[in-house]
Amino acid sequence: MVNSMVKWLERFSITGFLNSGREDGNMEKSMIMGPDVISELTPYLEEKHISQSQLVSIILKDLLFAEKYAKTNQTYAIVEQFLVDLYRVGILEYKDLLPVLGFERSLEVTNAIRTAKRFRSWSEK
Amino acid sequence: MVREIVCDTSAIITLFLSCYLSGNEDEYRHELGQYRLIASNLVYSELKDFAVQDDDLALSAQESLSYNMDFLSVELEDIEQYKKILGVVGRRGITDCDISGLYLSFDRNAPFFIDDFKAQFHFSSFFDDRDIFFGVLLVCSILAEFMGEKEVFSFIFDKLVPNRWANISLRNLLTIKHAVSEYLTYYS
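Here's a quick rundown of the structure.

**Remarks on the sheet that holds strand S1 (residues 3-7) of chain B**
Residue and element names in this part refer to chain B. On the basis of which strands lie adjacent, the open sheet formed by five strands has the order S3-S2-S1-S4-S5 and parallel pairing. Because the sheet does not close on itself, it has two edges, and the strands there are strand S3 (70-72) and strand S5 (132-133). Relative to S3, strand S2 (residues 35-40) runs parallel, the two being bridged by three bridges. By the bridge assignment for S3, Ala39 is matched with Phe71. Sheet strands touched by helix H6 (residues 96-108): S1, S2, S3 and strand S4 (112-113). Its angle to S2, the strand with the most contacts, is close to 130°.

**Brief notes about the interface of chain B and chain A**
Counting residues at the interface gives 21 residues for chain B, matched by 24 residues for chain A. Where the side of chain B that touches chain A is concerned, the elements lending two or more residues are helix H7 (117-126), helix H8 (135-143) and helix H10 (170-187) of chain B. It is H10 of chain B that provides the largest number of residues to the side of chain B that touches chain A, a total of 11 residues. Partitioned by chemical class, the residues of the side of chain B that touches chain A number 13 nonpolar, five polar and three charged.

**Section: the packing of helix H7 (residues 94-124) of chain A against H7 of chain B**
Between H7 of chain A and H7 of chain B, the shortest axis-to-axis distance is 10 Å and the interhelical angle comes to 75°. Here H7 of chain B runs roughly perpendicular to H7 of chain A, going by the angle between their axes. Residues Glu108, Asn111 and Thr115 of chain A of H7 of chain A form the contact with H7 of chain B, whose participating residues are Phe121, Ser124 and Ser125 of chain B. Classifying every residue of the contact of H7 of chain A with H7 of chain B by side-chain character gives one nonpolar, four polar and one charged.

**Considering helix H9 (residues 149-164) of chain B**
At Ile156 of chain B, H9 of chain B shows its maximal kink, close to 35°. Restricting attention to buried positions, one finds in H9 of chain B the residues Val152, Phe153, Ile156, Leu160, Val161 and Arg164 of chain B.

Rules of the game
Residues numbered from 1 in each chain as written. Chains lettered and ligands numbered in written order. Predicted model: local features only at pLDDT ≥ 70, side-chain atom pairs only at ≥ 80, totals over all residues. Pairing = 2+ DSSP bridges. Helix = DSSP H or I, 4+ residues; strand = E, 2+ residues; numbered from the N terminus. Contact = placed C-beta atoms within 7 Å. Axes fitted to C-alpha atoms, helices over the stretch in contact; angles between N-to-C directions. Nonpolar A, V, L, I, M, F, W, Y, C, P; charged D, E, K, R; others polar. Parallel < 35°, antiparallel > 145°, perpendicular 65-115°, else oblique. Bend = angle between axes of the 7 residues up to and from the residue. Buried ≥ 20, exposed ≤ 12 C-beta atoms within 10 Å, placed from the backbone.

Okay, here's the thing in structure tokens:
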């Protein structure tokens, strides 16, 4: 599953910008986002009741966050956010994070999500 | 109802810096008043050390020391026992102060707030049925009482993070982002 997501990111031209070797990490490359690209993910999205526009919104927020706040390695910031967002909405599982994030980081990010969920439950009591 | 919570130095600094940066100290303090803050005597010593420095974090430490907070003693032998249980004897990174907060939270059966991400990860992985949270999430919860979701998100990343963690690593920045996003998504 994660491989198809990363391939999909490549189709998005994100990896073109990621692999462009720009040390300043500026996101100047344009992104081409056609409906045919997004429709590839439709089966996964429908299963989790996520609309295509919600997915696009997630991606744009991740890109903006990386551009605004990640001072180094924006490439990695985009990929990690995207994978974690898909994990949060239930499209990816823990094992899907492992090939890209590695086990240590996968444990950390899933702990962060679990902590936030647990805190929400506690604060709503 | 006032809820008892235990805080580490890192979380206390985050809490009081956010109060100062929020631009609405009265509202913030009103919401903070919903909690009874408890910390260890080791935290008190750390806050006093912070308070004499010359930066915003020092101001936050001074504010916290003048706040009505309970500082409780933790015996050294209790700390040593927990260090052994947690397998952190002789290891760098997790301090006696962190452990004293964890001990107090178990002793008082109250949630523990800590913004040392490495320690929080270790503690919550080890005691996965316990309430061991990031202080920054408590800040989100307080702010969400008088700010909208987007405003809270902006506050955390435009104001709090740059002032609280000036040279934050990408790893910790993203850890905060994931946790804050998860909390705010379902809060709204």
